[in-house]
Amino acid sequence: MSLNQFATDVRVALLFCTRLPIPNAAPVTGADIARAGWALPVAGAIVGLIAAGVYWLAGLAGLPSLPAAGLTVAATLIVTGCLHEDGLADVADAFGGHTRERRLEIMRDSRVGTYGACALSMSILLRTAVLASVAAPAAAAPVLIAAHTAARAGMPLFMGQEEPAP
């Protein structure tokens, strides 16, 4: 792989996984994402580095671990455009469907239902609480980087194994 292709794939992964401002960004296609799938964990590591930086800065500002963790989780939500949260809410809401067709219809609906709202609340609460329990920013940095990398590492594996929903 050339350095140019490497940079292009990382750029595509960042465009797909984040809302970071990328100079001269062009829309990416499904084919672009499929080709650059290997770089999705790299984008996750970058998100993790940003999160670690926010947690470190919050600690420097003298914030206790819980508010520092809350700000860190909020920063990741902003950086990622809530991509994972949108998927989580859709999947949770689909639990209300009794047939495959109804579940797919629910997941395509942009509105968030009760299952989705509860899943989002629990997800944000648990992430904040777990991060606050790792109070030292130096200890939290590798945890944040690993978690965000791992959260995107499964995406290319899943994309290669599953057929798109109709």
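Draft legend 1. Quick look at the packing of helix H3 (residues 40–60) against helix H4 (residues 65–80). Across the interface, H3 lies against H4 with an axial gap of 9 Å and an inter-helix angle of 150°. Here H3 is positioned roughly antiparallel relative to H4, judged by the angle of their axes. Pair H3 / H4 crosses with right-handed handedness. For the pair formed by H3 and H4, the contact residues are Val47, Ile50, Ala51, Val54, Tyr55 and Ala58 on the first element and Ser65, Ala68, Ala69, Leu71, Thr72, Ala75, Thr76, Val79 and Thr80 on the second. When grouped by side-chain class, the residues that make up the contact of H3 with H4 number eleven nonpolar, four polar and no charged.

Draft legend 2. View of the pattern of salt bridges. Under the defined criterion, the tally for this structure stands at five salt bridges. Between Asp32 and Arg35 there is a salt bridge, and its shortest N-O distance comes to 3.6 Å. Remark: Arg35 and Asp32 occur in helix H2 (residues 30–35); sequence separation between them is three residues, near one turn of the helix. Arg35 sits in the partly exposed class, given a relative accessible area of 37%. The closest approach of N and O atoms between Glu105 and Arg102, which form a salt bridge, is 3.1 Å. Of this pair, Glu105 and Arg102 are both found in helix H6 (residues 100–108), three residues apart, which corresponds to roughly one turn of the helix. The class for Glu105 is partly exposed, based on a relative accessible area of 49%. Residues joined in a network through salt bridges with shared partners are Asp9, Asp32 and Arg35.

Draft legend 3. Structural detail: the environment of Thr72. Here Thr72 lies in helix H4. In this structure Thr72 comes out as buried when scored by relative accessible area, which is 1%. In this structure, Thr72 is in contact with Ala51, Val54, Tyr55, Leu131 and Leu144, ignoring residues within four places of it in sequence.

Draft legend 4. How the structure looks around the packing of H4 against helix H7 (residues 114–133). Direction vectors running N to C along H4 and H7 enclose 130°, while the axes themselves pass 8 Å from each other. Relative to H7, the element H4 is oriented oblique. Crossing geometry of H4 relative to H7 is assigned as right-handed. Contacts between H4 and H7 involve Ser65, Leu66, Ala69, Gly70, Thr72, Val73 and Leu77 from the first element and Ile124, Arg127, Thr128, Leu131 and Ala132 from the second. The class makeup of the residues in the contact of H4 with H7 is seven nonpolar, four polar and one charged.

Draft legend 5. Looking closely at a nonpolar patch on the surface. On the surface, a cluster of nonpolar side chains totalling about 480 Å² of accessible area is made up of Met1, Leu3, Phe6 and Trp38. With respect to the element layout, Trp38 can be found in the loop between H2 and H3. Judged by its relative accessible area of 34%, Trp38 falls in the partly exposed class.

Draft legend 6. Region of the structure containing H7. For H7, with 20 residues, the first-to-last C-alpha span of 28 Å sits near the 28 Å given by 1.5 Å per residue. Buried within H7 are the following residues: Gly116, Ala119, Ser123, Thr128, Leu131 and Ala132.

Reading guide: rules and limits
- Residues numbered from 1 in each chain as written.
- Predicted model: local features only at pLDDT ≥ 70, side-chain atom pairs only at ≥ 80, totals over all residues.
- Heavy atoms only, no water.
- Axes fitted to C-alpha atoms, helices over the stretch in contact; angles between N-to-C directions.
- Helix = DSSP H or I, 4+ residues; strand = E, 2+ residues; numbered from the N terminus.
- Parallel < 35°, antiparallel > 145°, perpendicular 65-115°, else oblique.
- Left-handed = near helix turned anticlockwise from the far one by under 90°.
- Contact = heavy atoms within 4.5 Å.
- Nonpolar A, V, L, I, M, F, W, Y, C, P; charged D, E, K, R; others polar.
- Salt bridge = Lys/Arg side-chain N within 4 Å of Asp/Glu carboxyl O.
- Buried < 20%, exposed > 50% of the residue type's maximum accessible area, 1.4 Å probe, protein only.
- Patch = residues over 30% accessible without salt bridge, like charges linked within 9 Å, V, L, I, M, F, W, Y side chains within 5 Å.
- Areas by Shrake-Rupley, 256 points an atom, 1.4 Å probe, with all protein chains shown as cover.
- Expected span 1.5 Å × (residues − 1).

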